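These are the residues of each chain, in order.
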Amino acid sequence: MEVVIVPDAESGGDLIAEAMARLLRQKPDALLGVATGSTPLPVYRALSARVRAGGADTSRARVAQLDEYVGLPAEHPESYRSVLRREVLEPLGIPMERFLGPDGAAEDVQAACEDYDRALATAGGVDLQLLGIGTDGHIGFNEPCSSLASRTRIKTLTEQTRVDNARFFEGDIEQVPHHVITQGIGTILEARHLVLLATGEGKADAVAATVEGPVAAVCPASALQLHPHATVVVDEGAASRLKLADYFRHTYAHKPHWQGL
Ligand code: PGA
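Residues numbered from 1 in each chain as written. Predicted model: local features only at pLDDT ≥ 70, side-chain atom pairs only at ≥ 80, totals over all residues. Heavy atoms only, no water.

K.L.:
Explain the site of the ligand here, please?
P.N.:
Around the ligand, the neighbouring residues are Gly37, Ser38, Thr39, Gly132, Ile133, Gly134, His138, Arg167 and Lys203. Within the side chain of Thr39, one N or O atom sits 2.4 Å away from an oxygen atom of the ligand. Separating an oxygen atom of the ligand from a side-chain N or O atom of Arg167 is a distance of 3.1 Å. Look at the ligand: alone it shows 280 Å² of surface, and the protein chains cover 78% of it. Each residue belonging to the shell around the ligand can be placed in one class, and the counts come to one nonpolar, six polar and two charged. (Near = heavy atom within 4 Å. Polar contact = N/O pair within 3.5 Å; in protein donor to acceptor, adjacent residues only side chain to side chain. Areas by Shrake-Rupley, 256 points an atom, 1.4 Å probe, with all protein chains shown as cover. Nonpolar A, V, L, I, M, F, W, Y, C, P; charged D, E, K, R; others polar.)

Rendered as structure tokens:
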């Protein structure tokens, strides 16, 4: 995998937005896999700034969701569908007709999961999947010890993840659902390019385990080591436990500029 160390979250967002803009130049109807959480916001800001300035064309772009709470109606302000509509689709001018996501309110959750995996395949697969990482190494909502071959399915959130996400529910953990639908690790690995962004020292241990640890289900993000095109973009804080940080800096500094991410 390629590790790119950037000075701060904004430069990470800028770099990834440029990779997305470049992809859209090559493939205008690319399917962009997007993530929720605080970390990806600089990417969406940088990409929408490019769209406004004419530097990126999202007029045919498609967007796919990574995970969703179970039991929240789609119109709930904190359903990930609503969050993505506010933070990604509207700023990028992408209508809901070009959005793919699982139905978190479905009565038959298992069928909703299978339907979503099928919908992703029918759409031709995700071209670039943006990922955040949990402090416990989760990607999507694949908590530690998720099967590395897993498909989209229901998962139970750890208490820590519910505590972390209570900030989106007026600080009230009781309002945070226990269950989610998440693309499985096997599903995520089918995207053509995986781009994980991590910022802040709180992610440093998870990043070190992802990049330099063994491939192990206890750190779900370590599955990126199995992918032929995985890019990990980290700020100085998130890079602070990487033993090979100097090597990663050297390699990136000498990368042929035409190559992109
Ligand atoms: P965060 O969440 O970006 O809000 O830290 C990341 C994640 O849990 O995947």
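Anyway, onward from the coordinates.
K.L.:
Just to check I follow, could you spell out the packing of helix α1 (residues 9-26) against helix α2 (residues 41-53) for this structure?
P.N.:
How two helices sit against one another is set out by the angle between their axes and by the gap between those axes. α2 packs onto α1 with a crossing angle of 55 degrees between their chain directions and a minimal axis gap of 7 Å. Compared by their axis directions, α1 and α2 come out oblique. Where α1 crosses over α2, the handedness of that crossing is right-handed. Between α1, through Ala9, Glu10, Gly13, Asp14, Ile16, Ala17, Glu18, Met20 and Ala21, and α2, the contact on the second element is made entirely by Pro42, Val43, Arg45, Ala46, Leu47 and Arg50. Among the residues forming the contact of α1 with α2, the class breakdown is nine nonpolar, one polar and five charged. (Axes fitted to C-alpha atoms, helices over the stretch in contact; angles between N-to-C directions. Helix = DSSP H or I, 4+ residues; strand = E, 2+ residues; numbered from the N terminus. Parallel < 35°, antiparallel > 145°, perpendicular 65-115°, else oblique. Left-handed = near helix turned anticlockwise from the far one by under 90°. Contact = heavy atoms within 4.5 Å.)

These results come straight from atomic positions and should not be treated as a statement about function.
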